[in-house]
Amino acid sequence: MLFYELIQIALGVRESISKLPSEQEWKEMFETAQKQAVAGVAFLALEKLSTMGVKPSLEVLYEWIGMSEQIKVQNKLLNKRCCEITKLFADAGFRTCVLKGQGNALMYPVPEARTSGDIDLWVEGKRKEIRDFVRSRFPNAADSKLHIEYPCFEDVPVEVHYKPSYKDSPKYEKRLQAYFQSKAAGQYDNTVSIGNEGGQISVPTASFNAVQQMAHMMGHMFEEGIGIRHFIDYFYVLKALLKEKSQEDFEQLFKQLGLLSFARGTMWIEREILGLNSECLIVPEDEKIGQVILTEIEEGGNFGHFDQRYSARSKGYLMRGIADTYRLVKLTRYFPNDALWKIVRKVENQWWKLR
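In this convention, every chain numbers its residues from 1, walking through the sequence in written order. Reporting in this predicted model follows two pLDDT cut-offs: at least 70 for local features of residues, and 80 or more for side-chain atom pairs to be given and counted; totals over whole chains, interfaces and linings ignore these cut-offs and use all residues. Side-chain metrics rest on all non-hydrogen atoms present in the structure, leaving aside hydrogens and water.

## Digging into the nonpolar core
- Grouped together as the largest cluster of nonpolar side chains are 85 residues, with contacts concentrated most on W64, F231, Y234, F254 and F262.
- The leading source of residues in this core is helix 8 (residues 206–222), at ten residues.
- Note on contacts: a residue pair is in contact if any heavy atoms of the two residues lie within 4.5 Å. Leaving out residues up to four positions away in the same chain, Y234 has contacts with N209, A210, Q213, M214, M217, F254, T266, M267, E270 and I282.
- The next biggest cluster of nonpolar side chains, apart from the first, holds 25 residues, and it includes L78, I119, F133 and A141. Working definition of a nonpolar core: buried Ala, Val, Leu, Ile, Met, Phe, Trp, Tyr and Cys residues. They are joined through side-chain atoms within 4.5 Å. Using a 1.4 Å probe on the protein chains alone, a residue whose accessible area is under 20% of its type maximum counts as buried, one over 50% counts as exposed, and one in between counts as partly exposed. Only DSSP runs of H or I with at least four residues qualify as helices, and only runs of E with at least two residues qualify as strands; both kinds are numbered from the N terminus onward.

## A look at the packing of helix 9 (residues 228–244) against helix 11 (residues 260–273)
- At a minimum axis distance of 10 Å, the contact between helix 9 and helix 11 shows a crossing angle of 90°. Accordingly, the angle class assigned to the pair helix 9 and helix 11 is roughly perpendicular. Contact with helix 9, carried on its side by F231, Y234, F235 and L238, involves F262, T266, M267, I269 and E270 of helix 11 and no other residues of that element.
- Its residues assigned to classes, the contact of helix 9 with helix 11 comprises seven nonpolar, one polar and one charged. Fitted lines through C-alpha atoms give the axes, limited to the stretch in contact for helices. The angle between two N-to-C directions lies from 0 to 180 degrees. Here roughly perpendicular refers to angles of 65 to 115 degrees, roughly parallel to angles under 35, roughly antiparallel to angles over 145, and oblique to all remaining angles. For this classification, the nonpolar set comprises Ala, Val, Leu, Ile, Met, Phe, Trp, Tyr, Cys and Pro, the charged set comprises Asp, Glu, Lys and Arg, and every other residue, Gly included, is treated as polar.

## Quick notes on the environment of C280
- Tracing the backbone shows C280 in the loop between helix 11 and helix 12 (287–300).
- Note on C280: relative accessible area 7%, which makes it buried.
- Sequence separation between C280 and G258 is 22 residues; the distance between their C-alpha atoms is 21 Å.
- Not counting the four nearest positions on each side in its chain, C280 is found in contact with L238 and L242.

## Focus on the pattern of salt bridges
- Put simply, a salt bridge is a Lys or Arg side-chain nitrogen that is within 4 Å of an Asp or Glu carboxyl oxygen. Using the criterion set out here, one finds 20 salt bridges in the structure.
- The salt bridge partner of D233 is R114, with a shortest N-O separation of 2.9 Å. You can see D233 sitting in helix 9 and its partner R114 sitting in the loop between helix 5 (101–105) and strand 2 (119–123), a full 119 residues away along the chain.
- The residue K145 makes a salt bridge to D168 at a minimum N-O spacing of 3.6 Å. Within this pair, whereas K145 is found in the loop between helix 6 (127–137) and strand 3 (147–149), its partner D168 is found in the loop between strand 4 (158–161) and helix 7 (170–188), the two being separated by 23 residues in sequence.
- Its relative accessible area of 41% is what places K145 among the partly exposed residues.
- The exposure class assigned to D168 is buried, which follows from its relative accessible area of 10%.

Written out as structure tokens, the structure reads:
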């Protein structure tokens with residue numbers, strides 16, 4: 001698939017494209033890059049290919065350049081907001097850590113090429129004291145089991161996390177939170193500079209990212225949907241992990257946390273689809289599981305916004321629930337524990353909403 005060749009060129013694991021794309025193929029690659037929220041990363045490949053005389057029409061090129069510039073501007077804004085929100089909570093006596101997002105961008109060779117989203121801020125403290133602090137300023141802030149919204153900026157959404165991610169299975173949720181708490185201090189203390197103004201934020205270590213983002217990606221696949229951007233982020237997590245020279249036994253750790261099957265499929269995608277060197281893989285790969293995950297990536301796009309497989313999703317809350325449950329039933333073949341627990345939680349949630 002030419003799109004993945006383009007991404008591999010952007011990631012620096014491939015030198016050129018296997019054939020000269022037609023104008024229609026260029027348009028399709030641009031559309032896919034938008035759908036997967038990786039237009040800025042893919043544009044890096046265009047810059048390399050243009051030196052070889054390989055480029056799309058001016059119409060597509062200018063549109064791609066425009067989007068790439070917008071992504072750079074948004075990244076600059078996100079960097080500024082991350083510093084501001086970190087300081088705001090520090091002044092109130094809370095230690096924080098910026099999850100994913102701008103922390104991930106720092107691992108990219110060209111950080112401003114990563115499409116940014118919201119700010120996920122993991123805050124140290126008990127749920128009640130964090131919630132009380134947020135609601136002292138925003139009484140109607142929407143709350144959930146994972147985070148509470150903190151609408152302090154008009155231009156950037158902020159989610160204040162009680163915990164980095166979660167599992168629906170009570171057994172694995174208990175183990176996952178125990179892992180997070182055992183590593184928490186090292187994440188709040190891992191301070192880095194961000195942006196051109198010398199701002200400071202805390203971000204997770206590579207070892208922590210390897211676990212937290214694996215759990216995050218797996219959760220996304222069963223809930224909102226998953227895109228290739230998640231795996232490009234993880235591509236750079238794995239490269240950073242190699243430099244960190246972690247001694248963690250990730251195969252055993254992922255097994256204990258109920259992440260191993262998904263992790264093995266992820267390794268196949270990282271090597272086969274994104275071209276990551278095998279020395280960076282942290283568990284044995286599984287092509288069969290990888291193909292299942294790849295289908296979810298290609299059909300759903302970033303956060304599943306483009307999934308057309310279940311047309312009932314567009315027909316209201318109840319029909320979306322039915323369509324998503326049907327999808328989960330199909331996934332029980334490959335991820336029985338997670339898919340079944342997600343169905344249980346979905347039924348509970350539907351019942352609560354419809355009462």
